[in-house]
Amino acid sequence: MTRNRAIFLLIVLALVVGVFVGYSLLPKRYTVGQSLSQTTVFWNDKEAFFILNTGTSGHSANFLSDKLGKTKYGYLALLLGGSSQFYEYKVVAYRLLPAGELQDVPLPDGSTTFGSGTLEDGKLQLTSVATEYNHHNGLRWDGEKFVSIPPAQKPRTDAGGSSRLSPDDLDQGEEEETGFLNPSARESFKAAGWHYKQLSAYQTKELQATLPIKMGDASFDLTLTNFPPPTQATRRFDLLEFGTKMLQLSKSGQPQKDQILWSQSGWQTISKSEFERHAQRSGQSARAPINLLVWLAIFAVATLWRFGTWGHLLLNLLGMKRRVLKNMATFYSFPPATLAQFPLLDVAALDRYTQQFESMGFVRLLDFSLVSNGANPIPNFCRLFVHIRHHCFGEVSQLFPKGKAPLALACSIQSALQSGWTLTFSDRKPKAAGSLIRRRKALGISMPGTTTSALLQAFLQMRDLVCHDLAISPMKDDTLEAYIAKVQLSVTEMREAVQQRNFATAVSHVYYRKFSLLKTREEYTWLGDYPKEAERRKQGFPSEARAL
């Protein structure tokens, strides 16, 4: 390195230090926002219950990160220092009497509505399932209040058993596909005069949807008011910009007496002390900015790579790209797998995910191990689900790297779209090397720590937005063969993506991501060519046009 180049680098580093110090001293703004993920309604002639599943998100930022987040340079907000964040899950309940009286019913601490619904002595009961990670209790109405009941123990199923298949499948449009009530429970509810309905925050594309509720001689309407769909692709995916805007109840013939059960008020500014109380209550402490020296080291390395032409030559000499391609798979096989083959498998988490997917209407297709023909395949266990009504696949998987501890079991929800587009939502934190295999039409969003129900709702809303902007539709082939074909096609596309990479910049980006991923964020988004193609369609250009 010449003397002039060394002086230039020191000047640039000094300027960067000044920027980081100034940025860290900027006053922060703390905000919280609430979203409604699901509403469950039970009613008969005497009473009705409304159970709302809500989530409160919080994050801190300053005016600069807010402005950067709305532009294509939003990644700079992360470079300058990530924002604090938390997520709180909450369940609220209301009871309605035929006279129109709406009561706010408190729920016992540590309760959840995720489980199965039953009637015990004619009283409503929601039973959760005990796992290693779920210690929440269920609920039972005793005639005056909800009382807590211990979770049920899920019976262990031995691998390799057999089951009887039903000769007839339910129609795709039937509500019973939700899986919230099993067939015997549905019959008992029907015989006792009970009705029920699960309303997802993203269930309908209409601006309003109304559920009529008949209670003896009284009639009520539960109205969901939704946000209008965005007219163009947003640069940052925000759950508060989609879904239900308001949930209100009215007695038929008396619209002037509407009662609001829930209303979306957007992001609200709160004090730092209140923000920290929320964070402590949710079990996520407020996060401090990433160490300045780490970012300075990253910048120094990136500068050397950017201004040193020897970087590209060195990587070519070492043959890094060739070795990466040599280790990549060109084909996958899908042999069936059993739990006994993987003694380190997190069976408790697998049971928990299975219960959650099946409660949302997914049907299990296959337990398998994804085996590649690469040089160093990683042992893994996968459980595949399909949702026939939503035309998407759910996958729960765990990797067992040789000589290392197993990775945490996690899930993803995937869908193939027309014109070669795909969309995947996952609750797994992404890997730094994943940037090497990013593809233009393979959209991916990771939301670590998100519940499966919230993940599905966010996935469906994003898929509707993408399909609307690109004038395409989801592929409706819900077979195992379609899933296998999608995986095999992705293998080819990932190899092509690696071949097209400039490894001088690609590898430096991988190491940059290694440092940035030390701090878990609420969301990681890769939108590929989607924003560009959506804007071209809006401007009237062909969707596959390329900029000169």
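Structural data are supplied above this passage.
Residues numbered from 1 in each chain as written. Predicted model: local features only at pLDDT ≥ 70, side-chain atom pairs only at ≥ 80, totals over all residues. Heavy atoms only, no water.

Topic: unusual backbone geometry
Here's step 1: For aspartate 121, which is not glycine, the phi torsion reads 55° and is therefore positive.
Here's step 2: Tracing the backbone through its elements, the reader meets aspartate 121 in the loop between β5 (116-120) and β6 (123-127).
Here's step 3: A positive phi angle, near 55°, is found at alanine 471, a position not held by glycine. (Helix = DSSP H or I, 4+ residues; strand = E, 2+ residues; numbered from the N terminus.)

Observations concerning the sheet that holds strand β8 (residues 138-141)
Here's step 1: Pairing is antiparallel in the open sheet, where 4 strands are placed in the order β5-β6-β8-β9. Strands with a single pairing partner mark the edges of an open sheet, and in this sheet they are β5 and β9 (146-149). Sheet twist, expressed as the average angle between the axes of neighbouring strands with direction ignored, equals 25°.
Here's step 2: Sheet topology note: the β5/β6 ladder contains 5 bridges and is antiparallel. Directly across from serine 116, in β6, lies its bridge partner threonine 127. (Pairing = 2+ DSSP bridges. Axes fitted to C-alpha atoms, helices over the stretch in contact; angles between N-to-C directions.)

Describing the nonpolar core
Here's step 1: Core analysis: the largest hydrophobic core is formed by 41 residues, its most contacted members being Leu345, Phe357, Phe425, Met462 and Tyr530.
Here's step 2: Per element, the largest residue contribution to this core is 10 residues, and it comes from helix α10 (residues 452-470).
Here's step 3: In this structure, Ala48, Ile213, Met215 and Leu224 belong to the second largest nonpolar core, which totals 20 residues. (Core = buried A, V, L, I, M, F, W, Y, C linked by side-chain atoms within 4.5 Å. Buried < 20%, exposed > 50% of the residue type's maximum accessible area, 1.4 Å probe, protein only.)

Section: the sheet that holds strand β25 (residues 524-526)
Here's step 1: If you walk across this open sheet you meet the 7 strands as β18-β20-β21-β22-β23-β24-β25, and the pairing is mixed. If you trace the sheet from one side to the other, it starts and ends with β18 (363-368) and β25, each paired once. Strand after strand, the sheet turns through a mean of 15° between neighbouring axes, direction not considered.
Here's step 2: Here β18 pairs with strand β20 (residues 380-387) via 5 bridges, running antiparallel. Its bridge partner lying in β20, phenylalanine 368 is registered against cysteine 382.
Here's step 3: Here helix α9 (residues 347-359) sits on the sheet and contacts β18, β20, β21 (392-399) and β22 (410-416); the angle it forms with β20, its principal contact strand, is near 10°.
Here's step 4: Relative to the sheet, α10 contacts β21, β22, β23 (422-426) and β24 (442-446), its axis offset from that of β22 by approximately 20°. (Contact = heavy atoms within 4.5 Å.)

Focus on helix α13 (residues 530-539)
Here's step 1: Taken as a whole, α13 has its buried residues at Tyr530, Glu533, Ala534 and Arg536. End-on, the buried residues of α13 take up no more than an arc of 160°, which puts them together on one face.
Here's step 2: Buried-residue contacts for α13 involve β24 and α10.
Here's step 3: At the C-terminal side of α13, glycine 540 shows a positive phi close to 90°. (Arc of directions from axis to C-beta.)

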